[in-house]
Amino acid sequence: MDERTLRKALSSILLGGLRTFDQTGSTNDVALAWAADGAPNLALVCAEEQTSGRGRGDRRWFSPAGTALAFSLVLRPLPGEEQSVSLFSGLGALAVCEALGMCGLHPEIKWPNDVLINRRKVCGILAEAVWMGEKADSIVLGIGVNVKPEALPPPDQLNFPATSIEAEMGKSVDRLALLRDILESLLHWRGLLGKDVFTNAWENYLAFRGEQVEIRTVGVPARTGQVEGLERDGSLRLRSRDGQVFTVQFGEVHLRPVL
Ligand code: BTN
C-alpha cells in the first residue's frame, strides 16, 4: 500500500499517525503493540495483505493482497467515553454501513458487529480494548471489508454466507475513497456515542428486526427470540415466544437467523 497515496486520500481526516504495510500479520496486533507503545488517538494501521488476520473468537480472517480493506484504528477514550466501550463495535459497523450506503448499497448490521449486504457478510469488526485496571486505556477497532470477490475465503472456511462489495455492485470501487468515507462517518458518530441519535442510527441498520433469531453464548443454553431493537448500552433487545422481553449483552455472542 503506497503511503503517499493513502495520506493524500485521507487528507480530510486528522489522523494521530499512520503505519502502512504491503504485508503484515494482523493490523490489530500492530495497532495493539503501537497502543502499548503510546500511539496517539486516531493512529491508523493499514495493510494490503494480512497473513494472520484475526476474527472474533480466535477465528482466522482471510485478507489476500489487494482485494479488501484491512485496517485498525487506535482510539483513546475521550472524557465521557469510558462508559461506552461496548459501543465501539457498533460505531464501526454504523460507519461502514453509512459508507456502503453512499455507494448505493443497502447494508445491515448483524448484531453485534458484522455488516451484511443481501444477508451475506461483507465486513467483520474486531474491537479489542487495552485495560489499565478498570479503565480502557485504548480501543483498537479492526475492520475488514471484502471489496473484491477474491477477498472471500474458500466456501468450506465460511461460517456465515459471505459476499463482496464489487460482487453486489457489479463494478469496481475505489478502496481508498471507501476507507475515507468510513473514517469520516466514524469520526462524526463518535461525537454522538451513547446518545439516542447514535442508538437510533445504529438500530436503523439492524438486520432481522421482527424476525426470529437464535443467540448462542459460550457456556449458556441457546435462546431464540424475535429481534426488537437496541438498548442505549448497545445490548440487543428480543422478545421470546411467550412474550418475555430479554436483552443480550455484547460479548462472545453469536446470532443466527432461525430459518
Ligand atoms: C470477525 O468477523 O470475526 C471480525 C473480523 C475482523 C477482521 C479485521 S481485518 C483488520 C483487523 N486485523 C485483524 O487481524 N482483524 C481485523
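As the structure is a computational prediction, the values presented were derived from the model and not from experiment. Within each chain, residues carry numbers counting from 1 in the order of the written sequence. Per-residue local features of the predicted model are confined to residues with pLDDT of at least 70, and side-chain atom pairs are confined, for both listing and counting, to 80 or more; whole-chain, interface and lining totals are unaffected and use all residues. Hydrogen atoms and water are omitted, and side-chain values are computed over all heavy atoms in the structure.

Caption draft 1: How the structure looks around the pairing of strand β9 (residues 220-230). Two strands are said to pair when DSSP picks up at least two bridges between them. Under the DSSP-based scheme used, a helix requires at least four consecutive residues in state H or I and a strand at least two consecutive residues in state E, with every element numbered from the N terminus. Pairing geometry for strand β8 (residues 212-217) and β9, over five bridges, is antiparallel. Within β9, the position partnered with Gln-212 by the bridge is Gln-226. The hairpin turn running from β8 into β9, its antiparallel successor, is two residues long, and Gly-219 in that turn takes a positive phi close to 80°. Sheet analysis places β9 next to strand β10 (residues 236-239), joined by four bridges and oriented antiparallel.

Caption draft 2: The site of the ligand, seen in detail. By convention in these notes, a residue is near a molecule or strand provided one of its non-hydrogen atoms lies within 4 Å of it. Near the ligand you find 19 residues, and of these Ser-26, Gln-50, Arg-54, Arg-56 and Lys-121 are the closest. Under this definition, polar contacts are N or O atom pairs within 3.5 Å; protein pairs additionally need one hydrogen-donor-capable and one acceptor-capable atom, and for neighbouring residues in sequence, both atoms have to be side-chain atoms. At 3.0 Å from a nitrogen atom of the ligand is found a side-chain nitrogen or oxygen belonging to Thr-27. Between Arg-56 and the ligand, the recorded distance is 2.7 Å, taken from a backbone N or O atom to an oxygen atom. What sets the accessible areas is the Shrake-Rupley method with a 1.4 Å probe; for residues, cover comes only from the shown protein chains. The fraction of the free accessible surface of the ligand (420 Å²) that becomes covered by protein chains is 99%.

Caption draft 3: Structural detail: the environment of Arg-56. With respect to the element layout, Arg-56 can be found in the loop between β2 (43-50) and β3 (68-75). Sequence separation between Arg-56 and Gly-124 is 68 residues; the distance between their C-alpha atoms is 8.6 Å.

Caption draft 4: Spatial organisation of the sheet that holds strand β5 (residues 114-117). Overall, mixed pairing links the seven strands, which are arranged β1-β2-β3-β7-β6-β5-β4 in an open sheet. Of all the strands in the sheet, just β1 (17-24) and β4 (107-110) have a single pairing partner and so form its edges. Strand after strand, the sheet turns through a mean of 20° between neighbouring axes, direction not considered. Two strands pair when backbone bridges link them, and β5 and strand β6 (residues 120-132) are joined in this way by four bridges, in the antiparallel orientation. Its bridge partner being in β6, Leu-116 is matched across the sheet by Lys-121. The strands touched by helix α2 (residues 27-36) are β1, β2, β3, β6 and β7 (135-146); relative to β2, the strand with the most contacts, the crossing angle is about 150°. With respect to the sheet, helix α5 (residues 175-190) is in contact with β2, β3 and β7, its orientation differing from that of β3 by roughly 30°. Interaxial angles span 0 to 180 degrees and are taken between N-to-C directions of axes, which are lines fitted to C-alpha atoms, for helices over the stretch in contact. In what follows, residue pairs with any heavy atoms lying within 4.5 Å of each other are defined as contacts.

Caption draft 5: Spatial organisation of α5. The span expected for a helix works out to 1.5 Å for each residue beyond the first. Spanning 16 residues, α5 covers 22 Å between terminal C-alpha atoms, matching the ideal 22 Å at 1.5 Å per step. Turning to α5, its buried residues number three or more, namely Arg-175, Leu-176, Leu-178, Leu-179, Asp-181, Ile-182, Leu-183, Ser-185, Leu-186, Trp-189 and Arg-190. Capping the start of α5 is the job of one residue whose side-chain oxygen sits 3.1 Å from the backbone nitrogen of Leu-176: Asp-174. To sort residues, take the accessible area from a 1.4 Å probe on protein chains only and compare it with the maximum for the residue type: under 20% means buried, over 50% means exposed, and anything in between is partly exposed.

Caption draft 6: Broad picture of the packing of aromatic side chains. Any pair of Phe, Tyr and Trp rings, taking the six-membered ring for Trp, is counted once the centres come within 6.5 Å. Such a pair is stacked with planes under 30 degrees apart, edge-to-face with planes over 60 apart, and tilted for the rest. All chains considered together, the criterion is met by one aromatic pair. Each ring is checked for a lysine NZ or an arginine CZ that lies within 6 Å of its centre and within 35 degrees of its normal; such an atom marks a charge sitting over the ring. The ring centre of Trp-34 lies 3.9 Å from the NZ or CZ of Arg-19, which sits over that ring. Stacked on the ring of Phe-160, the Lys or Arg Lys-110 has its end atom at 4.7 Å from the ring centre.

Caption draft 7: A look at the side chain of Ser-185. With respect to the helices and strands, Ser-185 occurs in helix α5. Given the relative accessible area of 7%, Ser-185 is considered buried. What Ser-185 contacts, discounting residues up to four positions off in sequence, is Leu-94, Ala-95 and Glu-98.

Caption draft 8: Main features of α2. Buried within α2 we find Thr-27, Asn-28, Val-30, Ala-31, Trp-34 and Ala-35. Summarising the axial view, the buried residues of α2 lie within an arc of 160°, below the 170-degree limit, and thus occupy one face. Those residues of α2 that are exposed and aimed more than 90 degrees away from the buried face are Ala-33 and Ala-36. In this structure Ser-26 caps α2, since a side-chain oxygen of it lies 3.2 Å from the backbone nitrogen of Asn-28. What the arc describes is the spread of directions from the helix axis to the C-beta atoms.

Caption draft 9: Looking closely at the domain arrangement of the protein. Here the bounds of each domain stem from an automatic or database domain assignment. Split into domains, the protein comes out as domain 1 (3-204) and domain 2 (212-257). The centre of domain 1, based on its C-alpha atoms, is set 24 Å off from the matching centre of domain 2. Taken together, the contact pairs 18 residues of domain 1 with 19 residues of domain 2. Taken together, the two surfaces of domain 1 and domain 2 that pack against each other cover about 1,500 Å², and 57% of this comes from carbon and sulfur. Contact with domain 2 buries area across many residues of domain 1, yet Arg-56, Trp-111 and Glu-203 alone supply 40% of it, more than any other trio. Salt bridge criterion: a side-chain nitrogen from Lys or Arg within 4 Å of a carboxyl oxygen from Asp or Glu. Seen at the junction of domain 1 and domain 2, the total is one salt bridge. Residues Arg-232 and Asp-196 are paired through a salt bridge, measuring 3.0 Å at the closest nitrogen-oxygen approach. A per-element tally of the side of domain 1 that touches domain 2 places helix α6 (residues 196-204) first, with four residues. Its residues assigned to classes, the side of domain 1 that touches domain 2 shows five nonpolar, seven polar and six charged. Simply put, the buried area is the total loss of 1.4 Å probe accessible area from both parts when two parts are fitted together. Under the convention adopted here, Pro, Cys and the residues Ala, Val, Leu, Ile, Met, Phe, Trp and Tyr are nonpolar, Asp, Glu, Lys and Arg are charged, and Gly plus all remaining residues are polar.

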